[in-house]
Amino acid sequence: MKNLFVKTSKPYDVKIGAGEINNLADYIKQVKNCNKIAIITDDVVGGLYGKKIKDILCDYDVCYHEFLHGEGHKTMDTVSSLLEFLAQNKLTRSDLVVALGGGIAGDVAGFVSASFLRGIDFVQIPTTLLSMVDSSVGGKTGVNLSCGKNLAGAFHQPCLVVCDPDFLATLPDEEFKNGLGEVIKYGCISDKNLFDLLATQDVHANLEEVIYTCIKIKADFVEQDEFDKGERQKLNFGHTLGHAVEKVTDFKIPHGQAVGVGMKLICQWAENQNLTAKGCADKIDGMLAKYNMVRDVNCDKKLLWQTVTNDKKLKGKQIDLVLIKDIADCILYRTNIDDLTK
Ligand SMILES: NC(=O)c1ccc[n+]([C@@H]2O[C@H](COP(=O)([O-])OP(=O)(O)OC[C@H]3O[C@@H](n4cnc5c(N)ncnc54)[C@H](O)[C@@H]3O)[C@@H](O)[C@H]2O)c1
Ligand SMILES: [Zn+2]
């Protein structure tokens, strides 16, 4: 088992290791003296693992709620029914919420925990690769509004994260690739060894090590910039164009794979502008090919940039781009949006 201590305003442990979920009750005892636990999950993860988690927590007074899986249910309606569920079960601030599932369950249950009684503690149990390496650590929670993704939310750090790679045995391949997009991103922005390992070996044979390394990188950025005002923006490498890829393909290319293409395209753009040396775009393309991921998007690149300029992060005519000068050498680069379509 590997342990990572995340030093945010409210610090917490991330336990990483195969079979660690079986120690969940012990780990909870170490962080909170509570009687009642509310497990929140989606229907797919609930069907697979709901009973197992209830059994592991059998010493507690457990209540349990499943909501329907999928981005379409990451909504205020779901939040509303979950808040009612916690209230009906009379949870108090001495009790605990357990978020079991992928990034959606974590984001929704985290937001519900941030708002119920103005904030109760919650534990993240990520079950997708993406949620293990990304969403379960860092404290960003929230839901979608009809105008866009993640528009309502709160910073609310978990009190514990238990990350057990054994959950990934049932994860569909496409969902694994989704997480892999973010894993490759961590290599690109800050760890050449990780990038080389992914390029030369099979990620499946090194899962625990890879997940640990990614969480460590994410935690380092979060500790430096908990509320996302500067350094943490580097975690958005590949995301500016990635979000545009998602939008122009009407979300047919899922997020992690869109980020993969976005990383390659932003490197191509920076290399063509002579802002960075040539080479990274090809390396990323080779990685996407190796893992059979989406490598390009069939549309005019100008359309992608136009989609970017409608992005919520724009400050007037300026845009902050995350570029890499080399693998693991990441910079923030502010430019004028008119330069993007050159
Ligand atoms: N809070 C953050 O910092 C942050 C960061 C990145 C992404 N996100 C959010 O995360 C969400 C995406 O997360 P995701 O990719 O984990 O999606 P997800 O939660 O929808 O999970 C993907 C699918 O896999 C299923 N699933 C989950 N675990 C499984 C398992 N072990 N076996 C079989 N099936 C399983 C789920 O039911 C779902 O259908 C997005 O809404 C995104 O906005 C948040
Ligand atoms: Zn992402």
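Here the structure is a predicted model, which is why all the values come from computation and not from measurement. (Residues numbered from 1 in each chain as written. Chains lettered and ligands numbered in written order. Predicted model: local features only at pLDDT ≥ 70, side-chain atom pairs only at ≥ 80, totals over all residues. Heavy atoms only, no water.)

**Points about helix α11 (residues 280-290)**
Two residues of an α-helix separated by three or four positions point the same way, owing to the 3.6 residues in each turn.
Okay, so step 1: All of the buried residues along α11 are Cys280, Ala281, Ile284, Asp285, Met287 and Leu288. Seen end-on, α11 carries its buried residues on one side only, within an arc spanning 160°.
Okay, so step 2: Tucked into the core, α11 has its buried residues touching α6 (173-190), α7 (192-200), α10 (255-272) and β10 (318-326).
Okay, so step 3: After α11 finishes, the residue asparagine 292 shows a positive phi value of roughly 55°. (Buried < 20%, exposed > 50% of the residue type's maximum accessible area, 1.4 Å probe, protein only. Helix = DSSP H or I, 4+ residues; strand = E, 2+ residues; numbered from the N terminus. Arc of directions from axis to C-beta. Contact = heavy atoms within 4.5 Å.)

**Quick word on the site of ligand 1**
Okay, so step 1: Neighbouring ligand 1 are 26 residues; Asp42, Gly103, Thr127, Thr128 and Thr170 lie closest to it.
Okay, so step 2: At 2.7 Å, a backbone N or O of glycine 103 approaches an oxygen atom of ligand 1.
Okay, so step 3: When ligand 1 is considered free in solution it has 870 Å² of accessible area, and contact with the protein chains removes 89% of it.
Okay, so step 4: Where the shell around ligand 1 is concerned, the elements lending two or more residues are α2 (43-56), α4 (103-115), α5 (129-135) and β8 (148-155).
Okay, so step 5: By residue class, the composition of the shell around ligand 1 is 9 nonpolar, 8 polar and 9 charged. (Near = heavy atom within 4 Å. Polar contact = N/O pair within 3.5 Å; in protein donor to acceptor, adjacent residues only side chain to side chain. Areas by Shrake-Rupley, 256 points an atom, 1.4 Å probe, with all protein chains shown as cover. Nonpolar A, V, L, I, M, F, W, Y, C, P; charged D, E, K, R; others polar.)

**Topic: the side chain of lysine 264**
Okay, so step 1: Along the chain, the position of lysine 264 falls in helix α10.
Okay, so step 2: Apart from residues lying up to four places away in sequence, lysine 264 is in contact with Ala281, Ile284, Asp285, Leu288, Arg295 and Asp296.

**Some thoughts on the nonpolar core**
Okay, so step 1: Grouped together as the largest cluster of nonpolar side chains are 91 residues, with contacts concentrated most on Leu24, Ile28, Leu57, Ile184, Ile211 and Phe237.
Okay, so step 2: In terms of residue count, the dominant contributor to this core is α10 (9 residues).
Okay, so step 3: Counting contributing residues per domain, this core is built from domain 1 (2-170) and domain 2 (181-339), each supplying no fewer than three.
Okay, so step 4: With sequence-adjacent residues up to four places away left out, leucine 24 is seen in contact with Ile53, Ile56, Leu57, Val123, Ile125 and Val162.
Okay, so step 5: Judged by nonpolar contacts, the second largest core, of 22 residues, contains Val97, Ala99, Ala105 and Ala109. (Core = buried A, V, L, I, M, F, W, Y, C linked by side-chain atoms within 4.5 Å. Domains from an automatic or database assignment.)

**Concerning the domain arrangement of the protein chain**
Okay, so step 1: Each assigned domain of the protein chain is listed with its residue range as follows: domain 1 (2-170) and domain 2 (181-339).
Okay, so step 2: Each of domain 1 and domain 2 has a C-alpha centre, and the two are 27 Å apart.
Okay, so step 3: Opposite the 26 residues of domain 1 that make contact, domain 2 presents 23 residues.
Okay, so step 4: Counting the surface lost from both domain 1 and domain 2, the interface buries some 2,200 Å², and carbon and sulfur atoms represent 67% of this.
Okay, so step 5: Contact with domain 2 buries area across many residues of domain 1, yet Lys2, Leu4 and Val133 alone supply 26% of it, more than any other trio.
Okay, so step 6: The interface formed by domain 1 and domain 2 holds 4 salt bridges in total.
Okay, so step 7: Linking glutamate 223 and lysine 7 is a salt bridge whose minimum nitrogen-to-oxygen distance equals 3.9 Å.
Okay, so step 8: At the junction of domain 1 with domain 2, the criterion picks out 10 residue pairs in polar contact (both at pLDDT 80 or more).
Okay, so step 9: If you list the elements that add at least two residues to the side of domain 1 that touches domain 2, you get β1 (2-6), β2 (12-16), α5 and β8. (Buried area = accessible area lost by both parts, 1.4 Å probe. Salt bridge = Lys/Arg side-chain N within 4 Å of Asp/Glu carboxyl O.)

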